[in-house]
Amino acid sequence: MTDAYTRFIRSVPGSALAKQLGLPRPAKLPRRDDRPEPVLGPVVVLGESEGADQISQLLLTWGTDVRRRFEEVRTVGSVIVVADEIASPADLGPLVLPLAGAMRSLAPGARIVTLSRPAQGEDPARDAARGGVEGFLRSLAHEMRGGATANGILVEDGVELDAPGVIGALRFFLSARSAFVTGQLLTVSSDAGGSTENESLPLAGRTALVTGAARGIGAAIARTLAADGAKLVVLDVPGAGTELARLANELHAVPIQLDVTSASAGERLVSSLRDRRLTLDVLVLNAGITRDKMLANMTADRWDPVLAVNISSQIALTEALIGAGDVLGAQPRVVSLASTSGIAGNRGQTNYAASKAGVITFVDALAGKLEALGGTANAVAPGFIETEMTARMPALTREVARRLNSLQQGGLPVDVAEAISFLSTAEAGGLRGETLRVCGQNMVGR
Ligand code: NAD
């Protein structure tokens, strides 16, 4: 799905006009069908630490063309900056400046990933250097062109650089699955997680439930999880029964018609799962609504349903599923839908932003609760995604919202789905309470 402006700008007269007037020229983002290989090579690994050697060795086991310097590489596919041992801000320059001369040699859709450790509040010089990596990465992402992205992985002290969560995050950021993710950092907080046995079907043998699956992002999530090998349970309101049944037929999924805000939703979901002898390995809490109004015009009939669908239902459903004791598999993965509005706020969305900011703090607390089960909870915060929800926005607001990110375009539902699929894998076990933005580095918020 390409918007009208982008179609025009990619035409011959449109491209000439855009060049002349300095208009945004959004690049085509390579997605997994365009670039199925997991890593775009050659990959240059920067850094002198043992960690840099470890990462180079890992990439070699993936069959990747790995180099340690830019000389003799004409077009660079990917760059990994390993900054795990930097001790002061003075260490940053020698590590990242080799990239300066290579920026114009990056391939379209290239990937840059930093690997570093988060500040610990102990050693001022070391923390300044560690914080510096984050600032560097976020600015670099604004400078990427041609659909290329830059993201970072923060590996907590004590967690090895070859921990499953680091490998999973690296695989995700290097692949075309992270097409609309840029300028983001994910923290790997533990060595937990397993390895993916079948890389082309990372969710094989897992059962996943997606709420609000009948259309939009939810339907894309269900399709992506199914393509990644999961058995699907798809849930939506009875009013969306026809679309839900169609999707269930397409994916050989189990449909459940349920309003997640009903008082008995948790109980009914547990009994539906028990009746069908299903245990869930993955729970995607996607159902969500907007009822936008400025606070001056806000009423309870706009406030209450938004809070009820977007956050209270998530609390009730997860309590019921955990409480039941027999409907969650080992090491369950919960992934919830937040929004960049929940991070930065948005005019006319006090209700929506309250609910989505609630999701971000909710998954953090839920991750602690699920740890005892070997489970995780994380969130994905989409920015502007092309769906029926955003198609209802006034045309001008919609056009501005699309361009306000480093990739200068709206994301697709599949971009959100790809991030959710990654957070649902065995490898993502070391990521807990994270909120990953899928927003093309939207200019709002961090
Ligand atoms: P959508 O309106 O197209 O789809 C939402 C789905 O949720 C629908 O199928 C709807 O029937 C279902 N649903 C609503 N209330 C329900 C209830 N009480 N019980 C069960 N199902 C219910 O929305 P979308 O754009 O696909 O958004 C999906 C999620 O992504 C939402 O949580 C939304 O807040 C979030 N999100 C979307 C965007 C975007 O740009 N589209 C941006 C940020 C976050």
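Here is a short report on the structure shown in this document. Given the structure is predicted, the values throughout are model-derived calculations rather than measurements. (Residues numbered from 1 in each chain as written. Predicted model: local features only at pLDDT ≥ 70, side-chain atom pairs only at ≥ 80, totals over all residues. Heavy atoms only, no water.)

This part covers the overall build of the protein chain. Within the protein chain, the regular secondary structure consists of 15 helices and 13 strands. Scaling as 2.2 N^0.38, a compact globule of 446 residues should have a C-alpha radius of gyration of about 22 Å, and the protein chain matches this with 22 Å. Residues counted as buried form 56% of the 446 residues belonging to the protein chain. Look at the contacts in the protein chain between residues 6 or more apart in sequence, and 74% of them connect residues 24 or more apart. For the protein chain, the computed accessible surface area is about 18,700 Å², with 52% contributed by carbon and sulfur atoms. Separation between the mean location of the 44 positive side-chain charges and that of the 47 negative ones in the protein chain comes to 9 Å. (Helix = DSSP H or I, 4+ residues; strand = E, 2+ residues; numbered from the N terminus. Rg over C-alpha atoms; globule rule 2.2 N^0.38 Å. Buried < 20%, exposed > 50% of the residue type's maximum accessible area, 1.4 Å probe, protein only. Contact = heavy atoms within 4.5 Å. Areas by Shrake-Rupley, 256 points an atom, 1.4 Å probe, with all protein chains shown as cover. Lys, Arg positive; Asp, Glu negative; His and termini not counted. Charge placed at Lys NZ, Arg CZ, Asp CG, Glu CD.)

The next thing to look at is the nonpolar core. By size, the foremost hydrophobic cluster in this structure holds 67 residues, and its most contacted members are Ile80, Ile153, Ile221, Leu225, Leu232 and Val234. Examining the composition of this core, we find that seven residues originate from one element, helix α6 (residues 164–174), more than from any other. The residues that make up this core include at least three from each of domain 1 (28–188) and domain 2 (207–438). Not counting chain neighbours up to four residues away, the residues in contact with Ile153 comprise Val113, Thr114, Leu115, Ser116, Val166, Ala169, Leu170, Phe173, Leu186 and Val188. Formed by 38 residues, the second largest nonpolar core is a distinct cluster that contains Ile289, Leu321, Val363 and Leu370. (Core = buried A, V, L, I, M, F, W, Y, C linked by side-chain atoms within 4.5 Å. Domains from an automatic or database assignment.)

Relative to the 16 Å expected for twelve residues at 1.5 Å per residue, helix α7 (residues 216–227) spans 17 Å between its end C-alpha atoms, a close match to the ideal helical length. Buried within α7 are the following residues: Ile217, Gly218, Ala219, Ala220, Ile221, Ala222, Thr224 and Leu225. Next to the buried residues of α7 lie β7 (207–211), β8 (231–236), α8 (241–251), β10 (280–285), β11 (328–337) and α15 (413–423). Phi for Gly229, located one or two positions after α7, is positive at around 105°. (Expected span 1.5 Å × (residues − 1).)

This part takes up the pairing of strand β12 (residues 376–382). Within β12, seven of the seven residues are buried, which leaves it mostly tucked inside the rest of the structure. Relative to β12, β11 runs parallel, the two sharing five bridges. Note that in β12 the partner of Ser336 across the bridge is Ala379. As defined by bridge partners, β12 adjoins strand β13 (residues 435–438) across four bridges and the pair is classed as parallel. Bridged to Ala381 within β13 is Arg437. (Pairing = 2+ DSSP bridges.)

Evaluation of the coordinates by the stated rule reveals two aromatic pairs. A centroid spacing of 5.8 Å and a plane angle of 45° characterise the contact between Phe172 and Phe173, whose relative ring orientation is tilted. Each member of the pair, Phe172 together with Phe173, is buried. Between Phe172 and Phe422, the aromatic rings sit 4.9 Å apart at their centres with planes inclined by 10°, giving stacked as the arrangement. Residue Phe172 is found in helix α6, and its partner Phe422 is found in helix α15; the two are separated by 250 residues along the sequence. The exposure classification of Phe172 matches that of Phe422, with both residues buried. Ring-pair connections join several aromatic residues into one group, and the members of that group are Phe172, Phe173 and Phe422. (Phe/Tyr/Trp six-rings, centres within 6.5 Å; stacked < 30°, edge-to-face > 60°.)

Relative to the elements of secondary structure, Arg35 occurs in the loop between α2 (12–21) and β1 (43–46). Among buried Asp, Glu, Lys and Arg side chains, Arg35 stands out as unpaired, with Glu37 the closest opposite charge at 5.0 Å. Side-chain polar atoms of Arg35 contact the backbone oxygen of Leu174, separated by 2.9 Å. Apart from the residues within four sequence positions on either side, Arg35 is in contact with Leu40, Gly109, Arg111, Leu174, Ser175 and Ala176. (Salt bridge = Lys/Arg side-chain N within 4 Å of Asp/Glu carboxyl O. Polar contact = N/O pair within 3.5 Å; in protein donor to acceptor, adjacent residues only side chain to side chain.)

Residues Leu396, Val400, Leu404 and Met443 make up a contiguous nonpolar surface patch of about 390 Å² in total accessible area. Within the secondary structure, Leu396 sits in helix α14 (residues 395–403). (Patch = residues over 30% accessible without salt bridge, like charges linked within 9 Å, V, L, I, M, F, W, Y side chains within 5 Å.)

Below, the discussion takes up the pairing of strand β5 (residues 149–155). Counting buried residues in β5 gives seven out of seven residues, a clear majority hidden from the surface. Across the two faces of β5 the burial is the same, with Thr149, Asn151, Ile153 and Val155 and Ala150, Gly152 and Leu154 all buried. As judged from the six bridges shared by strand β4 (residues 106–116) and β5, these two strands associate in the parallel manner. The residue bridging Ser116 from the neighbouring strand is Leu154, located in β5. For the segment spanning β4, helix α5 (residues 124–143) and β5, crossover handedness is right-handed. Relative to strand β6 (residues 185–188), β5 runs parallel, the two being bridged by four bridges. Looking at β6, one finds that Ile153 is bridged to Leu186. Taken together, β5, α6 and β6 form a β-α-β motif whose crossover is left-handed. (Right-handed = clockwise from strand over helix to strand, strands pointing away.)

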